[in-house]
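# Geometric and topological summary
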Amino acid sequence: MSAVTFSAVTKRYKDGPKAVDELDLEIRDGEFMVLVGPSGCGKSTALRMIAGLEEISEGSLSIGDEVVNDVPPGDRDIAMVFQNYALYPHMTVRENIGFALAMAKVSKPEIRRRTDDAAALLGLSEYLDRLPKALSGGQRQRVAMGRAIVRSPQVFLMDEPLSNLDAKLRVQMRSEIIELQARLGTTMVYVTHDQVEAMTMGHRVAVMRKGLLQQVGPPQELYLRPSNLFVAAFIGSPAMNLLPARVSVDGDRVTVTFAEHRLVIDPLAVDRYPVLRERDGRDVVVGIRPEHFSMADSASDPEQTMEVTTLVAEAMGAEVHIHANVDVPIVAIEGTPVDEDAEPGASTTKIIARVEGFHTVRMGEPVRLAVRTAHIHFFDATTGAPLRDDVDRSV
């Protein structure tokens, strides 16, 4: 068994805040779990506690059936891949990959066999006699993974292993790590601040904020059913647009109003958020993902469109990102992309609409956007909890 279980685990530094606060999380045997969140959220601390590089202040941590709070790092049967590769520059690829085995006094024929197998798995066979300085960044990262693989550990730990690579290589290495984990079937815990990496790589994703676990689940569940405003804003790129709005209910007809805009909500969304029918005249937070906008045309329902003035139009090829202002207060959520550059008390919210790439949009030009209101999210304006029947909004 190689499940990893956090049971009310807390890490408190002397004279400082809790880096991890009563974390309850079960990472299943053979699972690819991604820990994600902004800088300082506690994800790397949690990983280092699995490795034994950080002491646990409270709670218990188990690997398999064994509580490992007091087990030295070298006895935990884990392998860690760091951000900076940590290769020995004077050793060849072969020597780097086999180093841990040599230190463990494994026989030379066995070291050679396991090193060759790992190199073949990672496409490094032709580089075994080279020094690290003769390799590309991606090849060095594969060597670091090879050094972990040869040990056949219970758990692989990866701490932002792709952050030093360029964008194209990161995409390539993401797919290679996914394939590698699937072939090995070993439990993998992967830390990143990049939610695109989290969404594309993990079987499940654990979102953290200020040491607290916010939500854990399959990537699509986090995207479609975020547990609070923080998760809604953090998961998705570009980020979800969050707008304070007022609800009006007239029989079966539900509308929301923000600034000069008024949208009639599709019945499908009302069925997903039945609490809306109880919010007549009250404030909520409306969440609209950029991809749920489109350029309005003659077939668009005028009650589901809004006109804005383009601040910036980013032509991305297949799509255009239209940036615009909406004259409503910013929904401030500390530590999320939503308010990262916001001035305190700012009263104008910037939104992003993602539309088809064949549209030509110019700065300063007014555009009419259709909103697919069936996909809108609704949150309590006070607690940030989604207005779903399955969510407790009292906290």
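Below or above, wherever it landed, is the structure these notes cover. (Residues numbered from 1 in each chain as written. Predicted model: local features only at pLDDT ≥ 70, side-chain atom pairs only at ≥ 80, totals over all residues. Heavy atoms only, no water.)

### Some thoughts on helix H4 (residues 137–149)
In plain terms, the rule: Starting at the N terminus, helices and strands are each numbered in turn, a helix being any DSSP run of H or I of at least four residues and a strand any DSSP run of E of at least two. The span expected for a helix works out to 1.5 Å for each residue beyond the first. Accessibility here uses a 1.4 Å probe with only protein chains present; expressed as a share of the type maximum, an area under 20% marks a residue as buried, one over 50% as exposed, and anything in between as partly exposed. Between two residues, a contact is recorded if the distance between any of their heavy atoms is within 4.5 Å.
Compared with an ideal rise of 1.5 Å per residue, which puts 13 residues at 18 Å, H4 spans 18 Å between its outermost C-alpha atoms and is within 8% of the ideal. Of all the 13 residues making up H4, eleven are buried; the element is thus mostly covered by neighbouring parts of the structure. Taken residue by residue, H4 has Gly 138, Gln 139, Gln 141, Arg 142, Val 143, Ala 144, Met 145, Gly 146, Arg 147, Ala 148 and Ile 149 as its buried positions. Each element contacted by the buried residues of H4 is listed here: strand E6 (78–81), helix H2 (93–103), helix H3 (108–122), strand E7 (155–159) and helix H5 (167–184).

### Notes on the environment of Gly 59
Within the element layout of this structure, Gly 59 appears in strand E4 (residues 58–63). Since its relative accessible area comes to 35%, Gly 59 is described here as partly exposed. Counting along the chain gives 63 residues from Gly 59 to Leu 122, while the straight-line C-alpha distance between them is 38 Å.

### A look at the sheet that holds strand E2 (residues 18–27)
Test applied: Note on pairing: two strands pair once DSSP finds at least 2 bridges between them. Only the stretch in contact is used when fitting a helix axis, every axis being a line fitted to C-alpha atoms; angles between N-to-C directions are given from 0 to 180 degrees.
The antiparallel open sheet is built from four strands, whose spatial order is E2-E1-E4-E5. With partners counted over all chains shown, the strands left at the sheet margins are E2 and strand E5 (66–67), one partner each. Two elements, strand E1 (residues 4–12) and E2, share six bridges in a ladder whose sense is antiparallel. Residue pairing across strands places Arg 12 opposite Lys 18, the latter belonging to E2. Packing against the sheet, helix H1 (residues 43–51) makes contact with E1, E2 and E4, and its axis sits at approximately 115° to E1.

### Quick notes on the packing of H2 against H4
Keep this limit in mind: Should the near helix be turned anticlockwise from the far one by less than a right angle, the crossing is left-handed, and should it be turned clockwise, the crossing is right-handed. We call Asp, Glu, Lys and Arg charged. Ala, Val, Leu, Ile, Met, Phe, Trp, Tyr, Cys and Pro are nonpolar, and the rest, Gly among them, are polar.
At a closest axis distance of 7 Å, the pairing of H2 and H4 adopts a crossing angle of 35°. H2 and H4 meet at a crossing whose hand is right-handed. In this structure, H2 contributes Val 93, Asn 96 and Ile 97 to the contact, and H4 contributes Val 143, Gly 146 and Arg 147. In terms of residue class, the contact of H2 with H4 is made up of three nonpolar, two polar and one charged.

Geometric values such as these leave the question of function open.
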